[in-house]
There are 2 protein chains.
Amino acid sequence: MRKTWEKQFDYFNKRVTPHRRAIIEIFEEENRHLSAEEVYMLLKKKEEKVGIATVYRNLDLLSQMGLLHRVNFGDGKEYYEMTRVLPGEHHHHLICTKCGKVVDYSELVGEEHEFLNRLEKKLSNKYGFLTQSHQIYFYGLCEDCQLICES
Amino acid sequence: MRKTWEKQFDYFNKRVTPHRRAIIEIFEEENRHLSAEEVYMLLKKKEEKVGIATVYRNLDLLSQMGLLHRVNFGDGKEYYEMTRVLPGEHHHHLICTKCGKVVDYSELVGEEHEFLNRLEKKLSNKYGFLTQSHQIYFYGLCEDCQLICES
DNA sequence: TGTGAAATTGATAATTATTATCAAAATGTG
DNA sequence: CACATTTTGATAATAATTATCAATTTCACA
């Protein structure tokens, strides 16, 4: 019962350790973006005795291997989330500039892909840049903060 | 000869100081994203005696006032760049995942606006989120790093 | 199935970017 | 031009992340 992601470890000449398994499991279960500290806490809750340095090291490794995406919401921490290969599961982020809340969205996926493919082709032609992934961040006001501003 | 951005200071009840003037000048002259440390160095080069804390405070203030945009390329620092009101001057970033180089681009702007306006409307309907700005980051390999990978 | 070279880990020190503190200096309104 | 308020500088404090290195674990191969 080899997991589908294990071949990535072979490819990168990395070893499959219980900690690495557990970290991937956390992301599969939580299905949301997590900071290093949050991953560390969730591992502890699972009785997985692990050092914080190992968490940082492995989040970095998993990002380099393409299993995780690193995202940043401007609050001083880095966050990580599962890379989804299915186009329907790819998502982006709405960040409230007032309260800092982050909402995931995955709307307009077909249209988005079409648009981004065209854009990527142009970027490749003009800048010789080979695109592997992209992230879109929207900044604005969430529902709650709009109400507060009006009153 | 009041600068166009000075009315923003009135609106936010903030004072126009020589340091703040100088910081805005730096961004106008350099016309690229800069870290706090870089702004600090450039001010020093201009004989503008200023403390690093003041630089951080003012970069934050100018972002809140909408004169600067805060951007993040995943290297542990925050960067800032001029907010351009003309649609033709709006740009995004290509980040090389190998060498960390960042390339600005401002392609396909008309098409992009059309696409993003539609998207923003949908996000407003579904999540009640009011969009103020957006950023698109492309991750991949720059021209140089593609050559290195092949060899 | 056991062995050993190489990779991984844990504890913690070090580093780096950013924020807080607070007295002194500067701003601009009346 | 005086004064209430804001801004600044020097530096201490904080927070996230990375480096170090000896001990432990993994896995290819015998």
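Keep in mind the model is a prediction, meaning the values are calculated, not measured.

Take the sheet that holds strand S6 (residues 130-141) of chain B next. Sheets are built from strands that pair by backbone hydrogen bonding, the pairs being arranged parallel or antiparallel. Strand order in the open sheet formed by six strands is S5(A)-S4(A)-S6(A)-S6(B)-S4(B)-S5(B), with mixed pairing between adjacent strands. Strands at the two margins of the open sheet, each flanked by one partner only, are strand S5 (102-105) of chain A together with strand S5 (102-105) of chain B. The mean angle between the axes of side-by-side strands here comes to 25°, regardless of whether they run parallel or antiparallel. Of the strand pairs in this sheet, strand S4 (residues 92-96) of chain B and S5(B) are connected by four bridges, and their pairing is antiparallel. Along S5(B), the bridge assignment pairs His93(B) with Asp104(B).

So, about the sheet that holds strand S1 (residues 34-35) of chain A. All names here are of chain A. With antiparallel pairing, three strands are arranged side by side in an open sheet as S1-S3-S2. Both outer strands of the open sheet, S1 and strand S2 (68-72), are each paired with one neighbouring strand and no more. Pairing between S2 and strand S3 (residues 78-82): five bridges, direction antiparallel. By the bridge assignment, Val 71 is partnered in S3 with Tyr 79.

Okay, the relation of the copies chain A and chain B next. Placing chain A over chain B gives an RMSD of 0.1 Å and needs a rotation angle of 179°, together with 0.0 Å of translation along the axis. This pairing of chains is accounted for by a two-fold axis. Measuring from the rotation axis to each C-alpha of chain A, the shortest distance belongs to Ile136(A), at 2.3 Å. Take the interface residues of chain A: 100% of them recur as interface residues in chain B, which is what a same-surface contact looks like.

Moving on, we get to the pairing of strand S4 (residues 92-96) of chain A. Across the five residues of S4(A), four count as buried, placing the element largely inside the fold. In sequence, S4(A) turns back onto S5(A) through a hairpin of five residues, with Gly100(A) there showing a positive phi of about 85°.

With that settled, consider the interface of chain A and chain B. On the chain B side, the residues contacting the 32 residues of chain A number 32 residues. Within the residue set of the side of chain A that touches chain B, elements represented by two or more residues are S2, S5, helix H5 (109-127), strand S6 (130-141) and helix H6 (143-150) of chain A. Considering each element in turn, the side of chain A that touches chain B owes the most residues, twelve residues, to S6(A). Among the residues making up the side of chain A that touches chain B, the classes are represented as 16 nonpolar, eleven polar and five charged.

What follows covers the domain arrangement of chain A. All names here are of chain A. Domain assignment breaks chain A into domain 1 (1-83) and domain 2 (86-151). Computed over C-alpha atoms, the centres of domain 1 and domain 2 are 23 Å apart. The partner domain 2 presents six residues to the four residues of domain 1 that form the contact. Classifying every residue of the side of domain 1 that touches domain 2 by side-chain character gives two nonpolar, one polar and one charged.

Cut-offs applied
Residues numbered from 1 in each chain as written. Chains lettered and ligands numbered in written order. Predicted model: local features only at pLDDT ≥ 70, side-chain atom pairs only at ≥ 80, totals over all residues. Pairing = 2+ DSSP bridges. Helix = DSSP H or I, 4+ residues; strand = E, 2+ residues; numbered from the N terminus. Axes fitted to C-alpha atoms, helices over the stretch in contact; angles between N-to-C directions. Least-squares fit on C-alpha atoms with pLDDT ≥ 70 in both. Contact = placed C-beta atoms within 7 Å. Buried ≥ 20, exposed ≤ 12 C-beta atoms within 10 Å, placed from the backbone. Nonpolar A, V, L, I, M, F, W, Y, C, P; charged D, E, K, R; others polar. Domains from an automatic or database assignment.

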